[in-house]
Amino acid sequence: MSVKAFELVPAVERDLLMGDKARINVECIECCGKHLYVGTNDCFIHHFLLEEVPSQKGGIKYSAQKLQQKYLGLKKPVAELRAASALERLIVLCDGVLFLVDMATLETVPSATGSGGAKIKGVTSFCMNGNPVNTDPFCVEIAVISSRRRTVQVYTVYEDRVQLVKEVTTAEQPSVVSLDGYFLCLALASQYMILNYTTGASQDLFPYNSEERRPIVKRIGREEFLLAAPGGLGMFANAEGVSQRAPVNWSESVIGAAVCFPYVVALDQDFISIHSMLDQQLKQSLAFRDGHILQDFEGKVVLASTKAVYVLVPLPLEQQIQDLLSGDRVEEALVLTEGAQPNIPRDRFQILHRRILQQAGFIQFGQLQFQEAQEYFRKGELDVRELISLYPLLLPPTSSFTRCHPPLHPFADLNHLAQGDLEKGLRCKRFLISYLGSVRGTEASRASREEVDTALLKLYAEQDHESLLDLLASDNTCLLADSAPWLEKHSKYFALGLLYRCNGQDSAALQLWIRVADGELQDSTRPDLYEYIVDFLTFCPNLDLVWRYSDWALKRDPKVGVQIFTKRSSGKDQSGQPMPDDVITYLEKHSPARLLYLEHLVLERRIKKEKFHSLLAVLYLEQVLSLLEGAPPPAPGQLSLARERLQALLRESNLYRVQLLLGKMEGCDQLLLERATLHGKLEDHGKALDILVHQLQDYRSAEAYCLWASSSSSQGAACRQQLLHLLLDMYLGGGAEERRGDLEMAAVDLLNRHGERFDAVRVLSVLPEGWSLQLLKPFLGRAVRTSVHASRTSRLALGLSRAENLQLLHDRLKERKKPILVSEKRGCHLCHNTFSCPDVVCLPGAVPVHTHCIAHRLSDSALNTHADSAPSKHVDSAPNKNSTQNSNHT
């Protein structure tokens, strides 16, 4: 792929160089700053001053002024020229003689030490050391090839003399030499080699026939050389003989080469070829006839034909890169940019590199290569608004963003890019959604959060994207004024409500959602919108909104609407929560909801408040009475369910007003079971059992009543036994003659089922004499087992107590037999004074104390439970053998 990297500009025209002398040819050139020196075949040196002048086309042209010329008097062509600007000298090779010439006057410099001191004879070629090892700033180092023997000599050149530093011998006669530091790169007759002239170490590179083609050895950098290799290759080699760059494939007839990074310039008889060192591709080719000299001087490439001198002017790097980008050659532009990094200041390179990456991203974007575009945008740290601005109406009107200048792309907007292709436009929008989603919340979008979030919202709404709700549910900075009309346009009313909520306008959000739920506005985003509104009000801290909009929710569905109050926080922190009394008052016009709320307070939250329990019981009772009246007729099972709830509350709660409920049940013979429960709450067990046995004739319920009533009593088993005996007496007390048999059978069943709970003696005393033992066999078996078990348990407990007592007596005797050691050094545990005599009392734990101390303590009744008074003295008050032994022992 071609690129225009250089322009060939004339520097010294033929007329200025030789006038009307047709036989004069250019043999060598040297450039030092603005000064150009030309050696010709008639032994003249011409001195020109070159000035860069802007051309009308915006490029550069040269204006040459001839300052002087000098004839050297040797009648041979000037073979080579090298400028030593520090010495203000030209090093000239002419007729095999190397000598010094003053750069200003072109006069030959005489030797300071006499004839021959500033000259070297028998020289075929020489070069200067581009990486000198001598630290003296007023000298230069050169390498010289001798014509008389296979040697290379290294000299130090001063202002008026030369000094031999080193001479090395080679296996073959060298023809071309280049010097870098201590390393000589030589073209011998048959091969190239690297030679360290201080150590003598050498490294053969590759074979080369110097008779077939002209060898080229060019120093291009620190310890790196460019060589003309067989097969038309330009090979790179470092001082170790290793090639770290790929070779350049140039012409086999190359006669000169130079490096102007990142390009290799090669000259043959008809063309100038320019290759990239980065990808080794041919980038440019210029026609140039009769060229035979190519040199680079401090980054300036100078060429010469036999009659004129030219300068190869590189185009600015930015222009080259832009030319490549204009041709959509993204990879080449990036390679060129990154390859030029060592030659560009860091700050400038970073700015340039970012811009090139951004341009590359837009090129790939225009070609719908979205993955590559995204990667370039990321590396180039693109201001995301550059991309958003391509999409009409996505940037908010309040945004202060302006596009980069010069522009990063040629597109006016997405319509210009898509050219009416709807599918292409849709793909671009999908890419923008993906890209904005990836950069949202990162450092790349920190300065443009509002634009990014607003653009995403608009795209999500337009594309009916599932992430619209996620965006609004997260922490976002969508602009309300710009986003609301867009959401309305696309009928995203639920999302609009979320946007209102994000901006603190909860009331507006609720009004909008209610309109959608009532069908006034159409939006299918949330089929369960009503439930969502209820949840929103449930967790809304603004009680004004709760009171204002709960009425709508309760009218629509009381069972769901009441969750606004039942699902609210019931923890210790009730700040911001409605008071239950206020809620109950509010729900008076919503009876089903009020009932559900009371159930929540009483049955779920277990609030111990008489008002709530009584009100719930009254509502349950009214519901049952309404169903009993049968207008309208209840559904199957509805009455039984209502009575079960009432009965459960009456049994489990102890906080409701019993008399109030009994008054409301007065005259209702269908609620006998409930009345019995209420009499039980009043501990009027006889009346309760009378209702169950004689009015309801529900013997099972009577037994269950006894168990239930005794379970809540503090007396427990005794109360249960009393109630069962009361029930038994009621069974045996008789009733109507026709029911006597049923009551006796109920009594038998009661005894047989709960025999262990009765007082057997008392039962036998009241049983009719005519009952058979076989009939009471289960009861008697249970009673006997219970009696035997109780007897055996008591005997076992008695035995265990006696064993424990015996063990305590044994431990007591052991403690009394132990000696108690006292001494004058040991103190009383009560008064902390030492003992003066063995008259002591021992406390539990073998703690000795004074007798008067324990007597005083006992008189105050402070330690009457701690002193062991029975064996109060382990040591008698009068000294005995044991105490004396203890004292003496101590």
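Please read these numbers as outputs of a predicted model, since none were measured by experiment. (Residues numbered from 1 in each chain as written. Predicted model: local features only at pLDDT ≥ 70, side-chain atom pairs only at ≥ 80, totals over all residues. Heavy atoms only, no water.)

### Concerning the overall build of the protein
Counting its regular elements, the protein contains 31 helices and 30 strands. Against the globule reference of 29 Å for 890 residues, the protein gives a C-alpha radius of gyration of 58 Å, more extended than a compact globule. Projected onto its principal axes, the C-alpha positions of the protein cover 170 × 105 × 55 Å. Here the protein, with 890 residues, has 46% of them falling under the buried criterion. Accessible area of the protein: about 45700 Å², with a carbon and sulfur share of 49%. Side-chain charges of the protein comprise 97 positive and 106 negative groups, with the mean position of each set lying 5 Å from the other. (Helix = DSSP H or I, 4+ residues; strand = E, 2+ residues; numbered from the N terminus. Rg over C-alpha atoms; globule rule 2.2 N^0.38 Å. Buried < 20%, exposed > 50% of the residue type's maximum accessible area, 1.4 Å probe, protein only. Areas by Shrake-Rupley, 256 points an atom, 1.4 Å probe, with all protein chains shown as cover. Lys, Arg positive; Asp, Glu negative; His and termini not counted. Charge placed at Lys NZ, Arg CZ, Asp CG, Glu CD.)

### Structural notes on the pairing of strand β24 (residues 271–276)
Buried residues dominate β24, accounting for five of its six residues. Sheet analysis places strand β23 (residues 263–267) next to β24, joined by five bridges and oriented antiparallel. The residue of β24 that forms the bridge with Val 265 is Ile 274. Where β23 hands over to β24, the hairpin turn is made up of three residues, counted between the paired strands. (Pairing = 2+ DSSP bridges.)

### Details of the packing of aromatic side chains
Summed over all chains, the structure comprises 24 aromatic pairs. With centroids separated by 5.9 Å and ring planes inclined at 25°, the aromatic side chains of Phe 431 and Tyr 435 adopt a geometry described as stacked. Of this pair, Phe 431 and Tyr 435 are both found in helix α8 (residues 422–439), four residues apart, which corresponds to roughly one turn of the helix. In textbook terms, an aromatic cluster arises when at least three aromatic residues are bridged by ring pairs, as seen for Phe 362, Phe 365, Phe 370, Phe 377, Phe 431 and Tyr 435. The ring of Tyr 158 has Arg 161 lying over it, and the distance from NZ or CZ to the ring centre is 4.0 Å. Cation over ring: Lys 589 sits above Tyr 586, and NZ or CZ is 5.9 Å from the ring centre. (Phe/Tyr/Trp six-rings, centres within 6.5 Å; stacked < 30°, edge-to-face > 60°. Lys NZ or Arg CZ within 6 Å of the ring centre and 35° of its normal.)

### Here's the deal with the packing of helix α4 (residues 346–366) against helix α5 (residues 370–379)
Relative orientation of the contacting elements α4 and α5 amounts to 165°, with a least axis distance of 8 Å. Our classification of the angle between α4 and α5 gives roughly antiparallel. Remark: the crossing between α4 and α5 carries left-handed chirality. The segment α4 lies against α5, with Leu 357, Gln 358, Ala 360, Gly 361, Phe 362, Gln 364 and Phe 365 engaging Phe 370, Glu 372, Ala 373, Tyr 376, Phe 377 and Lys 379. (Axes fitted to C-alpha atoms, helices over the stretch in contact; angles between N-to-C directions. Parallel < 35°, antiparallel > 145°, perpendicular 65-115°, else oblique. Left-handed = near helix turned anticlockwise from the far one by under 90°. Contact = heavy atoms within 4.5 Å.)

### Side note on the sheet that holds strand β4 (residues 44–54)
With antiparallel pairing, four strands are arranged side by side in an open sheet as β2-β3-β4-β5. A strand with exactly one partner marks an edge of an open sheet, and here the two such strands are β2 (26–32) and β5 (60–71). Shown here is a sheet whose adjacent strand axes are inclined to one another by a mean of 25°, direction ignored. Pairing geometry for strand β3 (residues 35–40) and β4, over five bridges, is antiparallel.

### Section: the sheet that holds strand β22 (residues 256–260)
Spatial ordering of the open sheet is given by β22-β23-β24-β25, a layout of four strands whose pairing is antiparallel. The open sheet has two edge strands with one neighbour each: β22 and β25 (282–287). Strand after strand, the sheet turns through a mean of 20° between neighbouring axes, direction not considered.

### Looking at the layout of surface pockets
The calculated volume of the second largest pocket comes to roughly 340 Å³. Around the second largest pocket, the lining comprises 16 residues; the ones closest to its centre are Phe 261, Pro 314, Leu 315, Pro 316 and Leu 317. Counting residues per element, the lining of the second largest pocket draws most heavily on helix α2 (residues 317–326), which supplies three residues. (1 Å grid on protein atoms, 1.4 Å probe; cavity = no way out; pocket = protein on both sides within 12 Å on 5 of 7 lines; lining within 4 Å. Points joined across faces, edges and corners; volume = space filled by probe spheres on them.)

### Observations concerning the nonpolar core
Core analysis: the largest hydrophobic core is formed by 104 residues, its most contacted members being Phe 365, Leu 387 and Trp 513. When sequence neighbours within four positions are dropped, the list of residues in contact with Leu 387 reads Phe 362, Phe 365, Phe 377, Leu 382, Phe 431, Leu 432 and Tyr 435. In terms of nonpolar packing, the next biggest core, distinct from the first, is built from 34 residues, Tyr 263, Ile 321, Ile 344 and Ile 356 among them. (Core = buried A, V, L, I, M, F, W, Y, C linked by side-chain atoms within 4.5 Å.)

### A word on α5
Buried residues of α5: Phe 370, Ala 373, Tyr 376 and Phe 377, and no others. The arc that holds every buried residue of α5, seen down its axis, measures 125°, which confines them to one face. Residues of α5 that are exposed and angled more than 90 degrees away from the buried face: Gln 371 and Arg 378. In the core, the buried residues of α5 are packed alongside α3 (330–339), α4, α6 (384–388) and α8. Count one or two residues on from α5 and you reach Glu 381, which has phi positive near 50°. (Arc of directions from axis to C-beta.)

### Structural notes on the side chain of Glu 30
Position of Glu 30 relative to the elements: it lies in strand β2. As a buried residue without a salt bridge, Glu 30 has its nearest oppositely charged side chain in Arg 82, at a separation of 4.4 Å. Residues contacting Glu 30, with those up to four places away along its chain left out, are His 35, Leu 36, Tyr 37, Leu 81, Arg 82, Ala 83, Leu 90 and Phe 297. (Salt bridge = Lys/Arg side-chain N within 4 Å of Asp/Glu carboxyl O.)

### Topic: unusual backbone geometry
The phi angle of most residues is negative, glycine excepted, and most peptide bonds adopt the trans form. The linkage connecting Phe 261 with the following residue, Pro 262, adopts the cis geometry, with an omega of 5°. Relative to the helices and strands, Pro 262 resides in the loop between β22 and β23. In this chain, His 405 is followed by Pro 406 through a cis amide linkage whose omega measures 0°. On the secondary structure map, Pro 406 appears in the loop between α6 and α7 (414–418). In this structure, Cys 43 takes a positive phi of about 70° despite not being glycine. Tracing the sequence through the fold places Cys 43 in the loop between β3 and β4. By relative accessible area, which is 0% here, Cys 43 ends up buried. In this structure, His 832 is a non-glycine residue whose phi angle is positive, near 70°. Position of His 832 among the secondary structure elements: in the loop between α29 (777–817) and β29 (840–843).

### Observations concerning the pattern of salt bridges
Applying the stated criterion to the full structure yields 33 salt bridges. For Arg 89, the salt bridge is made with Asp 102, and the minimal N-O distance between the two is 3.2 Å. Here Arg 89 is found in strand β7 (residues 89–94), whereas its partner Asp 102 is found in strand β8 (residues 97–102), with 13 residues between them in sequence. Put simply, Arg 385 and Asp 383 hold a salt bridge, and the shortest N to O gap is 3.0 Å. A relative accessible area of 14% places Arg 385 in the buried class. Here the salt bridges share partners, and the residues they tie into one network are Asp 279, Lys 283, Arg 329 and Glu 332.

From the geometry alone we can't say anything about function, so treat these as descriptive.
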